[in-house]
Amino acid sequence: MAKKILVTGGTGYIGSHTVVELQQSGCEVLIIDNLSNSNAEVIEGVKRITGIRPVFEKFDLTDMDSLKAFFNKHEGIDGIIHFAASKAVGESVQKPLLYYRNNIVSLLNLLELMPVHGVKGIVFSSSCTVYGEPDSNPIDENAPIKLATSPYGNTKQINEEIIQDFIHSGANIKSIILRYFNPIGAHSSAEIGELPLGVPQNLVPYVTQTGMGIRKQLSVFGDDYNTPDGSCIRDYINVVDLAKAHVIAIKRMLGGKSKQNVEIFNLGTGNGVSVLELVRVFEKVSGKPLNHKIVGRREGDIEKIWANPDRANSVLGWKAQETLEDTVASAWKWQQRLREKGIM
Ligand code: WQD
């Protein structure tokens with residue numbers, strides 16, 4: 001029978017791409033999202049791609065009464081993919097309690113209700129941010145967890161521990177923790193993509209908005225790092241590749257194939273790319289120069305980090321497929337679609 005999967009944060013950037021891949025793999029999808037950082041129009045984009053409208057309920061996961069009512073109404077949920085979280089690093093420094101409440105209470109509520117309703121497993125959206133500045137690259141899952149540099153990062157670390165402690169206590173659930181590197185790009189149909197509110201904090205939306213003339217100039221934060229061209233290095237992973245890993249993970253977990261009750265996987269390409277290299281890729285795919293200037297370092301930036309994805313490659317049988325060029329082109333196509341629709 002088709003698996004019934006709850007996707008929290010399913011109208012968000014990574015969530016919506018995962019909903020599409022789940023539906024296309026035959027799963028029945030239900031979404032909970034409070035729309036604090038996304039738009040219900042995303043559901044229409046999903047429907048245009050897959051032909052299926054997922055069940056969608058708008059409420060906040062910190063609201064236990066609403067969550068209980070949801071599980072009572074929708075029986076037979078097999079598994080959860082938990083994306084819903086506040087995710088702006090800078091804002092988390094300004095509003096730590098908001099971040100701790102949103103990100104931690106949401107998970108506690110879900111975990112508490114899972115055994116009650118026979119939900120067998122949870123895939124958790126974590127981040128390479130738990131590694132801090134790595135001692136060496138590429139970085140694998142056994143690398144030490146470093147002291148978090150922001151409340152946001154701390155919520156990811158704490159949530160990983162909460163899941164492990166709960167399962168260690170004997171709770172009858174399983175979990176797969178996925179540590180993402182830097183997700184970028186959009187669905188090839190350009191029906192869904194990343195829609196940052198206000199001025200983008202992340203590199204690729206800033207680049208595409210600059211290409212579109214919405215922003216005047218990209219500031220490249222530092223060219224004096226210990227890297228070949230002096231700019232920071234990241235592992236940029238295509239969002240659809242990332243979404244596909246979630247489908248593999250949840251099917252593995254629900255299919256009883258997990259080797260341990262909690263498994264952890266890095267999701268990255270294994271390739272480090274500098275900010276200036278990424279700018280050049282954008283210039284190539286868009287066919288025009290990108291207005292950019294070198295400015296000072298951004299506080300808190302990691303110099304270089306990229307994944308060793310061997311465990312995901314061999315154990316999950318998952319590998320990032322898309323090239324950086326195609327991925328950046330998909331982000332550019334999405335930006336152009338937003339212009340055609342008069343959204344941006
Ligand atoms: C990438 C590179 C910047 C903007 C992300 C998430 C964070 C956490 C870790 C999620 C850096 C440079 C950026 C700009 C620039 N992940 N840059 N000009 O810092 O790796 O953080 O991954 O859990 O939440 O945000 O990603 O896209 O912000 O920056 O030069 O205008 O681009 O300095 O080197 P980062 P990013």
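Residues numbered from 1 in each chain as written. Predicted model: local features only at pLDDT ≥ 70, side-chain atom pairs only at ≥ 80, totals over all residues. Heavy atoms only, no water.

**Brief notes about the site of the ligand**
Quick reminder of the rule: We call a residue near a molecule or strand when any one of its heavy atoms sits within 4 Å of it. In protein, a polar contact requires one atom able to donate a hydrogen and another able to accept it; more generally it is a pair of N or O atoms within 3.5 Å, and residues adjacent in sequence count only if both atoms are side-chain atoms. Using a 1.4 Å probe, accessible areas were evaluated by the Shrake-Rupley method; residue-level cover was limited to the displayed protein chains. Strands are runs of DSSP state E lasting at least two residues, helices are runs of H or I lasting at least four, and both sets are numbered from the N terminus onward.
The local shell around the ligand holds 19 residues, among which Y152, N202, S219, R234 and D301 are the closest. Y152 is positioned with one of its side-chain polar atoms (N or O) 2.3 Å from an oxygen atom of the ligand. Note that an oxygen atom of the ligand is positioned 2.8 Å from one of the backbone N or O atoms of L203. Coverage of the ligand by the protein chains reaches 86% of its 690 Å² of free accessible surface. Within the residue set of the shell around the ligand, elements represented by two or more residues are helix 7 (203-211) and strand 8 (218-221).

**Structural notes on the state of the cysteines**
Applied cut-off: Our working definition of a disulfide is a cysteine sulfur pair at a distance within 2.5 Å. The buried label applies to any residue whose accessible area, calculated with a 1.4 Å probe on protein chains only, is under 20% of its type's maximum; exposed applies above 50%, and partly exposed to all values in between.
Using the criterion set out here, one finds zero disulfides in the structure. Of all cysteine sulfurs, the one in C128 lies closest to C232, which takes part in no disulfide; the gap is 12 Å. Overall, C232 belongs to the buried group, its relative accessible area being 4%.

**What about the packing of helix 5 (residues 96-116) against helix 6 (residues 151-168)?**
For clarity, the threshold we go by: Think of each axis as a best-fit line through the C-alpha atoms, taken over the contacting stretch in the case of a helix, with angles from 0 to 180 degrees between the N-to-C directions. By the definition adopted for this analysis, an angle is roughly parallel if under 35 degrees, roughly antiparallel if over 145, roughly perpendicular if from 65 to 115, and oblique otherwise. Handedness of a crossing is defined here by the sense of rotation of the near helix relative to the far one, left-handed for an anticlockwise turn of less than a right angle and right-handed for a clockwise turn. By the convention used here, residues are in contact when the closest approach between their heavy atoms is within 4.5 Å. Throughout, the ten residues Ala, Val, Leu, Ile, Met, Phe, Trp, Tyr, Cys and Pro are labelled nonpolar, Asp, Glu, Lys and Arg are labelled charged, and all others, Gly among them, are labelled polar.
Contact geometry of helix 5 with helix 6 gives a least axis separation of 9 Å together with a crossing angle of 20°. Between helix 5 and helix 6, the interaxial angle falls into the category roughly parallel. The interaxial crossing formed by helix 5 with helix 6 has right-handed handedness. Across from P96, Y99, Y100, N103, I104, L107, L108, L111 and P115 in helix 5, the residues of helix 6 making contact are P151, Y152, N154, T155, I158, N159, I162, I163 and F166. A breakdown of the residues in the contact of helix 5 with helix 6 according to their chemical character gives 14 nonpolar, four polar and no charged.

**Section: the pairing of strand 8**
Note the following rule: By the convention used here, strands pair only if DSSP detects at least 2 bridges between them.
Burial along strand 8 is one-sided: L218 and V220 are buried, and none of S219 and F221, which face the opposite way, are. Here strand 8 pairs with strand 13 (residues 292-295) via four bridges, running parallel. Across the sheet, residue L218 finds its bridge partner in strand 13, namely H292.

**Some thoughts on the environment of S169**
Summarising the element assignment, S169 is placed in the loop between helix 6 and strand 6 (174-180). On the accessibility criterion, S169 (55% relative accessible area) is exposed. Only 2.6 Å separates the side chain of S169 from the backbone oxygen of F166, close enough to count as a polar contact.

**Considerations on helix 2 (residues 41-50)**
Note the cut-off: Summarising the geometry, the arc corresponds to the directions from the helix axis toward the C-beta atoms.
Three or more residues of helix 2 are buried, namely V42, I43, G45, V46, I49 and T50. Projected onto a plane normal to the axis of helix 2, the buried residues spread over an arc of 160° and lie on a single side. Where helix 2 is buried, its residues meet helix 1 (13-24), strand 2 (28-33) and strand 3 (55-58).

**Remarks on the packing of aromatic side chains**
How we decide: When the centres of two rings from Phe, Tyr and Trp lie within 6.5 Å, Trp using its six-membered ring, the rings pair. Their planes under 30 degrees apart give stacked, over 60 give edge-to-face, and anything left gives tilted.
Using the criterion set out here, one finds three aromatic pairs in the structure. For the pair F59 and F70, a centre-to-centre distance of 6.0 Å together with 50° between the ring planes defines the contact as tilted. Here F70 lies in helix 3 (residues 64-73) and F59 lies in the loop between strand 3 and helix 3, a separation of 11 residues in the sequence. Looking at F70, the relative accessible area reads 1%, which means it is buried.

Note that all results are geometric; they support no functional claim without further evidence.
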